[in-house]
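Below are the chains, spelled out letter by letter.
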Amino acid sequence: MSDAELVLRSTRVITPEGTRAASVAVAAGTITAVLPYDAPVPESARLEDLGDHVLLPGLVDTHVHVNDPGRTEWEGFWTATRAAAAGGITTLVDMPLNSLPPTTTVPHLRTKQRVAADKAHIDVGFWGGALPGNIKELRPLHEAGVFGFKAFLSPSGVDEFPHLERDTLARTMAEIAAFGGLLIVHAEDPRLLASAPQQPGPKYADFLASRPRDAEDTAIAQLIREAKALDARVHVLHLSSSDALPMIARARAEGVRITVETCPHYLTLTAEEVPDGASEFKCCPPIREAANQDLLWQALADGTIDCVVTDHSPSTADLKTDDFATAWGGISGLQLSLAAVWTEARRRGHGLEDVVRWMSARTSELVGLDDRKGAIAVGRDADFAVLAPDETFTVDPVALQHRNRVTAYAGKTLHGVVKSTWLRGQRIVADGEFTEPKGRLLTRTH
């Protein structure tokens, strides 16, 4: 490692081959060597001895609603990326809706990129949006470097991003498959949602009944049929219904190119614990029962679910009313996702290597960044999180970096304290102190 500018040394480094004591050499923002712990350090290099803190690859969160521009009172690139950095996330991919304009044309993408350029504390990429009227925009967006296209099969909650009906889904999927793109889908069936009991008010049980598992299951079955017919690549967003897992496993066995994510709130929170009126717990699809959660964890363990992402979807506090029917549906989780997942994972017998696989390696693979992100390996970006996995903290909303400090995790004690976060070999946050933004805008390269 004669050319190394920086060496990070830890007794616990998580690599693709396992966890071991190692020295990680960095030059020009790239990992140049992963060497034995006691490898000599060149005089030209700075040594950062992390002791027994765990060095893990920076997390890659591929499902984040930054809402900037247009709804920046909800969130923005400055605050969202600070929250992400504080939680050990070094790359995020921004969803195409809740900002104004939505990312549904190349000019709209350029607007988003201009807004993000000088505010990003971490690296940021962008999804495009697939709407009923923008099929002709999809290929240009793909060529401009978006990582794929998001579609809703039921109303999105914002008027400027309408959902795809069944016939439009097939045409959209065919167009995206024609140029080898990825379609990512909010899968709930609008007809089943419309026929479910709709009882407004503060009772969480009533809200849960209004978003039945059947709505997810039916929409996923439709998605599988279309993907199989077209040999298209599709991804199920924020899976909450464990009932869909057997059909997903069968589809994979039959060669359907389908991947699946779930979210920290489905893995760590349960319907039984949601207080009435506490709409900080509202999201769509909803947080379901503990027995359902057990099956999601089982699916993570066996690989039916590929990855874990936040679906960070904030709003101003006034939109989180005590009426579950009308409150904004979204959970803010960027800063807490690693600790929340690790807390429950360790309780269930999983290791940090599993968490890294779900939240860094597989998310990088999903968006084609696995040649640059997602692992401590030679040639990858020197993006790291330094974690004290056994230390605990109690969630105080005041300590959160996202713009509106509403959280479903308030008061919870979590394991895993992020001591510092590094982007391309530069420490961007340590002990609550941030550098100026150093993030880059990412585009799809293959």
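Below is a short write-up of the structure. If you're wondering where the values come from, they're calculated on a predicted model, not measured in any experiment.

**Re the sheet that holds strand 7 (residues 89–94)**
Then comes step 1: As summarised here, the arrangement of the 3 strands in space is 6-7-8, forming an open sheet in which the pairing is parallel. Looking along the sheet, the strands with just one partner apiece sit at the ends: strand 6 (59–64) and strand 8 (123–126). Looking at each pair of strands side by side, their axes are set apart by 20 degrees on average, direction ignored.
Then comes step 2: By the bridge criterion, 4 bridges tie strand 7 to strand 8 in an arrangement that is parallel. Note on strand 8: the bridge partner recorded for Val93 is Gly125.

**Structural notes on the side chain of Asn292**
Then comes step 1: Looking at the element boundaries, Asn292 is found in helix 10 (residues 290–302).
Then comes step 2: A polar atom in the side chain of Asn292 sits 2.7 Å from the backbone oxygen of Ser240.
Then comes step 3: Beyond its immediate stretch of four places on either side in the chain, Asn292 contacts Arg213, Ser240, Ser241 and Ser242.

**What about the pairing of strand 15 (residues 384–394)?**
Then comes step 1: Where strand 5 (residues 54–57) meets strand 15, 4 bridges bridge the pair, whose relative direction is antiparallel. Within the sheet, the bridge partner assigned to Leu56 lies in strand 15 and is Ala385.
Then comes step 2: Note: strand 15 against strand 16 (residues 413–423), 8 bridges, orientation antiparallel. Bridge assignment links Phe393 to a residue of strand 16, and that residue is Leu414.

**Some points on the packing of helix 11 (residues 337–347) against helix 12 (residues 352–366)**
Then comes step 1: Closest axis-to-axis distance for the helix 11/helix 12 pair is 10 Å, and the angle between their directions is 135 degrees. In terms of their interaxial angle, helix 11 and helix 12 are classed as oblique. Handedness of the helix 11/helix 12 crossing: right-handed. Contact residues: Ser337, Leu338, Val341, Trp342 and Ala345 in helix 11; Leu352, Val355, Trp358 and Met359 in helix 12.
Then comes step 2: Each residue belonging to the contact of helix 11 with helix 12 can be placed in one class, and the counts come to 8 nonpolar, 1 polar and no charged.

The rules behind the values
- Position numbers for residues count from 1 along each chain, tracking the sequence in the order it is written.
- For this predicted model, a pLDDT threshold of at least 70 governs which residues receive local features, and a threshold of 80 or more governs which side-chain atom pairs are given and counted, while totals over whole chains, interfaces and linings are taken from all residues.
- As a convention, hydrogens and water are excluded, and side-chain values are obtained from all of the structure's heavy atoms.
- Two strands qualify as a pair provided DSSP detects at least 2 bridges between them.
- For the purposes of this entry, the term helix denotes a DSSP run of H or I that reaches at least four residues, the term strand denotes a run of E that reaches at least two, and both are numbered from the N terminus.
- Geometry is summarised by axes, namely lines fitted to C-alpha atoms with helices restricted to the contacting stretch, and by angles between N-to-C directions that run from 0 to 180 degrees.
- Side-chain atoms alone can form a polar contact between residues adjacent in sequence; in general such a contact is a pair of N or O atoms within 3.5 Å, and within protein one must be able to donate a hydrogen while the other accepts it.
- Note on contacts: a residue pair qualifies if any of its non-hydrogen atoms lie within 4.5 Å across the two residues.
- If an angle is under 35 degrees, it is roughly parallel; if it is over 145, roughly antiparallel; if it lies from 65 to 115, roughly perpendicular; otherwise it is oblique.
- Handedness of a crossing is defined here by the sense of rotation of the near helix relative to the far one, left-handed for an anticlockwise turn of less than a right angle and right-handed for a clockwise turn.
- Under the scheme applied here, ten amino acids are nonpolar (Ala, Val, Leu, Ile, Met, Phe, Trp, Tyr, Cys and Pro), four are charged (Asp, Glu, Lys and Arg), and all others, including Gly, are polar.

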